[in-house]
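# Reading the structure
Here are the chains, one letter per residue:
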Amino acid sequence: MINKIDHIGIAVTSLAEALPLYTEVFNLKLEGIEIIENQGVKVAFVNAGNTKLELLEALSKDSPIARFIEKRGEGIHHIAFGVENIATRIEEIKNGGLRMIDETARIGAHNAQVAFLHPKSGGGVLYELCENYEGEKK
Ligand code: ZN
């Protein structure tokens, strides 16, 4: 089942320029910065209490985040649902006639398993499924 909003992804041009708003003005805690090569992004996770914000900066001009910012500007990029048994959730979604961008889960930030739905199947919203391994795998 989908059991929570795991995080909200926000596309930014520069983490260095974007972060002070979150850490200094909103006073939220920066949990860490990590590079995810296979998605072409550098991400910063900010703890917002009951969920997290994932700020995404493109590593190169052909990263999906760079193309997103070019077309739509900075802002909300995706909403990530926290799930268990991600492979089963993907099958359910496909059986429901929806399209996945990722037919199988891949490794995202924090070694979580992630898979994106096609935005056309999400009413224009890019949804991510995210299964965390907190405490099991570091
Ligand atoms: Zn995400």
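Every chain is numbered independently, its residues counted from 1 as its sequence is written. Per-residue local features are limited, in this predicted model, to residues with pLDDT of at least 70; the limit for side-chain atom pairs, both in listing and counting, is 80 or more; totals at the level of whole chains, interfaces and linings are taken over all residues. With hydrogens and water stripped out, all remaining heavy atoms of the structure feed into the side-chain values.

## So, the coordination of the zinc ion
Metal sites are built from N, O and S donor atoms within 2.8 Å, or 3.2 Å for Na, K and Ca, and they leave out water, so they may look incomplete. At the metal site, the zinc ion is ligated by His-7 (NE2), Glu-54 (OE), His-78 (NE2) and Glu-128 (OE), and these contacts range over 2.1 to 2.2 Å. Donor angles set the geometry label: tetrahedral for four donors if every angle is between 85 and 135 degrees, square planar for four and octahedral for six if opposite donors exceed 155 degrees and the others are between 65 and 115, irregular for anything else. Because the angles between the four donor atoms bound to the zinc ion fall within 83 to 161°, the donor set is best described as irregular. Sequence positions of the donors to the zinc ion reduce to the motif H-x46-E-x23-H-x49-E. Taken together, the positions of His-78 in strand β5 (residues 75-83) and Glu-128 in strand β8 (residues 127-131) put the pair 50 residues apart, joining distant regions of the chain. Here His-78 matches Glu-128 in class, with each residue buried. Helix numbers and strand numbers start at the N terminus; a helix is a DSSP run of H or I with at least 4 residues, a strand a run of E with at least 2. The rule is simple: take the accessible area with a 1.4 Å probe, protein chains only, and divide by the maximum for that residue type; under 20% is buried, over 50% is exposed, in between is partly exposed.

## Focus on the sheet that holds strand β2 (residues 29-36)
Spatially, eight strands are ordered β2-β3-β4-β1-β5-β8-β7-β6 in an open sheet, and the strand pairing comes out mixed. Two strands in the sheet have a free side with no partner beyond their single neighbour: β2 and β6 (106-107). Pairing of strand β3 (residues 41-47) with strand β4 (residues 52-58) involves seven bridges; the strand directions are antiparallel. Bridge pairing links Lys-42 to Glu-57 in β4. Pairing between two strands is assigned when DSSP locates at least 2 bridges connecting them.

## Thoughts on the packing of aromatic side chains
Note on aromatic pairs: the rings of Phe, Tyr and Trp (six-membered ring only in Trp) are paired at centre separations within 6.5 Å, and the planes decide the class, stacked below 30 degrees, edge-to-face beyond 60, tilted for the rest. As enumerated under the stated definition, the model contains two aromatic pairs in all. Relative to Phe-26, the ring of Tyr-22 lies with its centre 5.8 Å away and its plane at 70°, an arrangement referred to as edge-to-face. Residue Phe-26 is classed as partly exposed on the basis of its relative accessible area, which comes to 46%. Between Phe-81 and Tyr-127 the ring centres are 4.9 Å apart and the planes differ by 10°, which places this aromatic pair in the stacked class. On the criterion of sequence distance, the pair formed by Phe-81 in strand β5 and Tyr-127 in strand β8 is long-range, its members being 46 residues apart. A residue is classified by how much of its surface remains accessible, and Tyr-127, at 21% relative accessible area, is partly exposed.

## A word on the environment of Gly-97
Within the fold, Gly-97 resides in the loop between α3 (86-95) and β6. Given a relative accessible area of 61%, Gly-97 falls into the exposed group. Note: C-alpha distance between Gly-97 and Ser-121 (24 residues apart in sequence) is 8.7 Å.

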